[in-house]
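Summary of structural features
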Amino acid sequence: MPANQIVYTELPSPMGDMIAGATDNGVCFLEWQDRGGVDRIFKRVTKRYKSAPIKDTTNNPHLGNLRVELASYFERELQTFRVRIDVKGTPFETSVWEQLLNIPCGQTRSYAQIAQAIDKPQAVRAVGRANGANYLAIVIPCHRVITSEGTLGGYGGKVWRKKRLLNLESGAEDLWE
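Everything in this summary refers to the structure shown in the same document. Counting from 1, residues in each chain are numbered in the order their sequence is written. Given that the model is predicted, a residue must reach a pLDDT of at least 70 before its local features are reported, and side-chain atom pairs must reach 80 or more before they are shown or counted; all residues, however, enter totals for whole chains, interfaces and linings. Processing note: side-chain calculations cover all non-hydrogen atoms of the structure and skip hydrogens and water entirely.

1. Points about the side chain of Lys162
For clarity, the threshold we go by: Labels follow the DSSP assignment, with helices taken as runs of H or I lasting at least four residues and strands as runs of E lasting at least two, numbered in each case from the N terminus. Pairing of N or O atoms within 3.5 Å defines a polar contact, subject to two protein rules: one partner must be a possible hydrogen donor and the other a possible acceptor, and residues neighboring in sequence count only if both atoms are side-chain atoms.
Positionally, Lys162 belongs in helix 6 (residues 159–170). At 3.0 Å, the side chain of Lys162 and the backbone oxygen of Gly154 are in polar contact.

2. Regarding the sheet that holds strand 3 (residues 27–32)
Rule in force here: Paired strands, in this sense, are two strands between which DSSP finds at least two bridges. It only takes one pair of heavy atoms within 4.5 Å for two residues to be counted as in contact. A fitted line through C-alpha atoms represents every axis, and for helices the fit uses only the stretch in contact; the resulting angles, taken between N-to-C directions, go from 0 to 180 degrees.
Pairing is mixed in the open sheet, where 4 strands are placed in the order 3-2-1-4. Both edges of this open sheet fall to strand 3 and strand 4 (54–55), since each of them pairs with a single strand only. Here strand 1 (residues 7–11) runs beside strand 4; their pairing, made up of 2 bridges, is parallel. The residue bridging Val7 from the neighbouring strand is Ile54, located in strand 4. Along the sheet, helix 2 (residues 61–74) contacts strand 1, strand 2 (18–22) and strand 3; its crossing angle with strand 1, the most-contacted strand, is approximately 25 degrees.

3. Quick notes on the side chain of Gln5
Within the secondary structure, Gln5 is located in the segment before strand 1. Of note is the side chain of Gln5, whose polar atom sits 2.9 Å from the backbone oxygen of Ala52. Among residues more than four places away in sequence, those in contact with Gln5 are Ala22, Thr23, Ser51, Ala52, Pro53 and Ile54.

4. Some points on helix 3 (residues 91–101)
Keep this limit in mind: Summary of the burial criterion: residues with accessible area below 20% of their type's maximum are buried, those above 50% are exposed, and those between are partly exposed, where the area comes from a 1.4 Å probe applied to protein chains only. Our arc is simply the arc of the directions from the helix axis toward the C-beta atoms.
Here helix 3 has its buried residues at Glu93, Val96, Trp97 and Leu100. Projected down its long axis, helix 3 shows its buried positions confined to an angular sector of 100 degrees, all on one face. The inward-facing, buried residues of helix 3 abut helix 1 (38–49), helix 4 (111–117), helix 5 (124–132) and strand 6 (145–146).

5. Quick look at the state of the cysteines
Short version of the rule: Two cysteine sulfur atoms make up a disulfide if the distance between them is within 2.5 Å.
Applying the stated criterion to the full structure yields 0 disulfides. Left without a disulfide partner, Cys28 is nearest to the cysteine sulfur of Cys142, which lies 16 Å away. Of the cysteine sulfurs around Cys105, a residue in no disulfide, the closest is that of Cys142, at 14 Å.

6. Comments concerning the nonpolar core
What counts here: By nonpolar core is meant a set of buried Ala, Val, Leu, Ile, Met, Phe, Trp, Tyr and Cys residues that side-chain atoms within 4.5 Å join together.
Counting 38 residues, the largest nonpolar core has Leu30, Trp32, Leu66, Leu70, Phe74, Leu100 and Ile138 as its most contacted members. For this core, the elements supplying multiple residues, two or more each, are strand 1, strand 2, strand 3, helix 2, helix 3, helix 4, helix 5 and helix 6. If we ignore the near neighbours within four places in the chain, the residues touching Leu30 are Leu11, Met18, Ile19, Ala20, Leu66, Leu70, Tyr135, Leu136, Ala137 and Val139. Core analysis: the next-biggest nonpolar cluster, separate from the first, contains 10 residues, Ile6, Tyr8, Cys28 and Val45 among them.

7. Description of the packing of helix 3 against helix 5
This is how it is decided: Note that the term roughly parallel is reserved for angles under 35 degrees, roughly antiparallel for angles over 145, roughly perpendicular for angles of 65 to 115, and oblique for everything else. Residues were grouped as follows: Ala, Val, Leu, Ile, Met, Phe, Trp, Tyr, Cys and Pro as nonpolar; Asp, Glu, Lys and Arg as charged; and all remaining residues, including Gly, as polar.
Orientation of helix 3 relative to helix 5, taken along the N-to-C sense of each, is 80 degrees, at an axis distance of 9 Å. Overall, the two elements helix 3 and helix 5 adopt an arrangement that is roughly perpendicular. Two secondary-structure elements touch here, helix 3 through Phe92, Glu93, Val96, Trp97 and Leu100 and helix 5 through Ala126, Val127, Ala130 and Asn131. Tallied by class, the residues present in the contact of helix 3 with helix 5 amount to 7 nonpolar, 1 polar and 1 charged.

8. What to know about the pattern of salt bridges
Under the convention used in this document: What counts as a salt bridge is simple: a side-chain nitrogen of Lys or Arg found within 4 Å of a carboxyl oxygen of Asp or Glu.
In total, this model carries 5 salt bridges according to the counting rule given. The shortest N-O distance in the salt bridge between Glu93 and Arg48 comes to 3.4 Å. Residue Glu93 is found in helix 3, and its partner Arg48 is found in helix 1; the two are separated by 45 residues along the sequence. Judged by relative accessible area, which is 13%, Glu93 ranks as buried. Its salt-bridge partner being Asp86, residue Lys88 comes within 3.6 Å of it at the nearest N-O pair. Lys88 gets classed as partly exposed once you look at its relative accessible area, which sits at 39%.

Any functional reading would require information beyond the geometric quantities listed.
Shown next, in the form of structure tokens:
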């Protein structure tokens, strides 16, 4: 397999089917299949990584680890993902994603708090765009970012999922409400 080759697999979840991809270095995307459809996801990934994903026939270890960790996450047994990741973004996007990784499970931060944390307090909208450019749903927890008013705001995987993910992480009794 070429060094930059991405392999992918489909992953079922209690909130809808997902699709994940990995390089030899780590997981590079995890998306909800209904986020524009698989073809659109592949176009986005190909553009960013300069490599078209191919079906995983080698049992990529990173995808195997992700499958196990996601199952544990949805069972409320895992709060911090340890799977290796291989994400590519602009320096600004990367700084935002690093802050997202610092948000503890069961907590949220506002877009303004993230902007402040990266020393760009005026860049609230840019933080929102970087959040939306995150290709690694759940693992890089963009769903933990809400508005300063405390409302959910947007989510590429649909707002109902964002609410359910936050309920899952907070230990809410009615997970699916």
